[in-house]
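Residue-level structural notes
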Amino acid sequence: DTGVSQDPRHKITKRGQNVTFRCDPISEHNRLYWYRQTLGQGPEFLTYFQNEAQLEKSRLLSDRFSAERPKGSFSTLEIQRTEQGDSAMYLCASSSGRGHGYTFGSGTRLTVV
Amino acid sequence: DAKTTQPNSMESNEEEPVHLPCNHSTISGTDYIHWYRQLPSQGPEYVIHGLTSNVNNRMASLAIAEDRKSSTLILHRATLRDAAVYYCIPRTIGGGADGLTFGKGTHLIIQP
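Residues numbered from 1 in each chain as written. Chains lettered and ligands numbered in written order. Predicted model: local features only at pLDDT ≥ 70, side-chain atom pairs only at ≥ 80, totals over all residues. Heavy atoms only, no water.

To continue, consider the side chain of Q37 of chain A. In this structure, Q37 of chain A sits in strand 4 (residues 31-37). Residues within four places of Q37 of chain A in sequence aside, it is in contact with G42, P43, A88, M89 and L91 of chain A together with Q38 and Y87 of chain B. (Helix = DSSP H or I, 4+ residues; strand = E, 2+ residues; numbered from the N terminus. Contact = heavy atoms within 4.5 Å.)

Here it is in structure tokens:
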């Protein structure tokens, strides 16, 4: 297992377009998390899955954002009608439970122009 | 979530020990103290966590105050590769929200 994989690494899109990011967690991890990080700030929690169930969503996750984890394995994060304020690094992490640390991916850097 | 206070930045010399402090005076009895670090252009990396006792692993040691209102991450012999932002994060294990709340962390600079 090579850890948490995120695709793409970089995405440049025009304002108003839709984008989708993919995260492949460590295979035996049942928990998957999405975070967003802007320059100079720590990561901000967006949402969390346990297996295929989305158990928690931050208030940061507006109705333009949707995340899925259809079979409890990989996950996708979609942003509709992107805005310049959506420009950030989107990080995915996975974990095998509350008593364990998270493993983060290297992130997808989104630039909205 | 419990609030944390960390210095914005610290500087140390290569091959010397580094002590990174964190205040978490509002921590609850069920919160573990997690430390993560983030190297430039990478996602955060788990370092260590503990509840009450001091903890050691191959990366670092974690010293937790008896009243649990503060903790110190100890890098025994810093290398240039330890230059990163270090985050101290209380995390509730039982019930409730599971997302980690990151602050701004401490930017550790290592001088050769």
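All names here are of chain B. On the basis of which strands lie adjacent, the open sheet formed by four strands has the order 2-7-6-5 and antiparallel pairing. Strands with a single pairing partner mark the edges of an open sheet, and in this sheet they are strand 2 (18-23) and strand 5 (55-56). Pairing analysis gives four bridges linking strand 6 (residues 61-64) to strand 7 (residues 70-75), with the strands arranged antiparallel. Bridge pairing links S61 to I74 in strand 7. (Pairing = 2+ DSSP bridges.)

In total, this model carries two disulfides over all chains according to the counting rule given. Between the sulfur of C23 of chain A and that of C92 of chain A lies a disulfide, 1.8 Å long from S to S. With the S-S dihedral at roughly -70°, the linkage between C23 of chain A and C92 of chain A falls on the left-handed side. One end of the pair, C23 of chain A, is in strand 3 (residues 19-24); the other, C92 of chain A, is in strand 9 (residues 88-95), and 69 residues separate them in sequence. Its relative accessible area of 0% is what places C92 of chain A among the buried residues. Note that C22 of chain B is cross-linked by a disulfide to C88 of chain B, the S-S spacing being 2.1 Å. The sign of the S-S torsion, about -75°, decides the handedness of the disulfide formed by C22 of chain B and C88 of chain B: left-handed. Remark: C88 of chain B occurs in strand 8 (residues 84-92) and C22 of chain B occurs in strand 2; sequence separation between them is 66 residues. (Disulfide = S-S within 2.5 Å. Buried < 20%, exposed > 50% of the residue type's maximum accessible area, 1.4 Å probe, protein only.)

A separate point is the sheet that holds strand 1 (residues 5-7) of chain A. Residues and elements named next belong to chain A. One open sheet accounts for four strands, arranged 1-3-8-7; its pairing is antiparallel. Either end of the sheet is taken by a strand with one partner, and the two such strands are strand 1 and strand 7 (65-68). When the angles between neighbouring strand axes are averaged without regard to direction, this sheet yields 15°. Where strand 1 and strand 3 come together, three bridges link them in antiparallel fashion. If you follow S5 over to strand 3, its bridge partner there is D24. (Axes fitted to C-alpha atoms, helices over the stretch in contact; angles between N-to-C directions.)

Looking now at the packing of aromatic side chains. In the structure shown here, the tally under the stated rule is 15 aromatic pairs over all chains. Ring geometry for Y102 of chain A versus Y36 of chain B: centroids 6.2 Å apart, planes at 70°, classification edge-to-face. With one member in each of two chains, Y102 of chain A in the loop between strand 9 and strand 10 (103-104) and Y36 of chain B in strand 3 (residues 31-38) form a pair that bridges those chains. For the pair Y102 of chain A and Y36 of chain B, a shared accessibility class is recorded, and that class is buried. Pairing Y87 of chain B with F102 of chain B gives two aromatic rings, centres 5.1 Å apart and planes at 90°, and the pair type is edge-to-face. With a gap of 15 residues between them, Y87 of chain B in strand 8 and F102 of chain B in the loop between strand 8 and strand 9 (106-111) connect regions that are remote in the sequence. Each member of the pair, Y87 of chain B as well as F102 of chain B, carries the same accessibility label: buried. Through a chain of ring-to-ring contacts, three or more aromatic side chains come together here, namely Y33, Y35, F45, Y48, Y102 and F104 of chain A together with Y36, Y46, Y87 and F102 of chain B. Over the aromatic face of F74 of chain A sits the side chain of R22 of chain A, whose NZ or CZ is 3.9 Å from the ring centroid. (Phe/Tyr/Trp six-rings, centres within 6.5 Å; stacked < 30°, edge-to-face > 60°. Lys NZ or Arg CZ within 6 Å of the ring centre and 35° of its normal.)

Everything listed is a geometric property; what it means functionally is a separate question.
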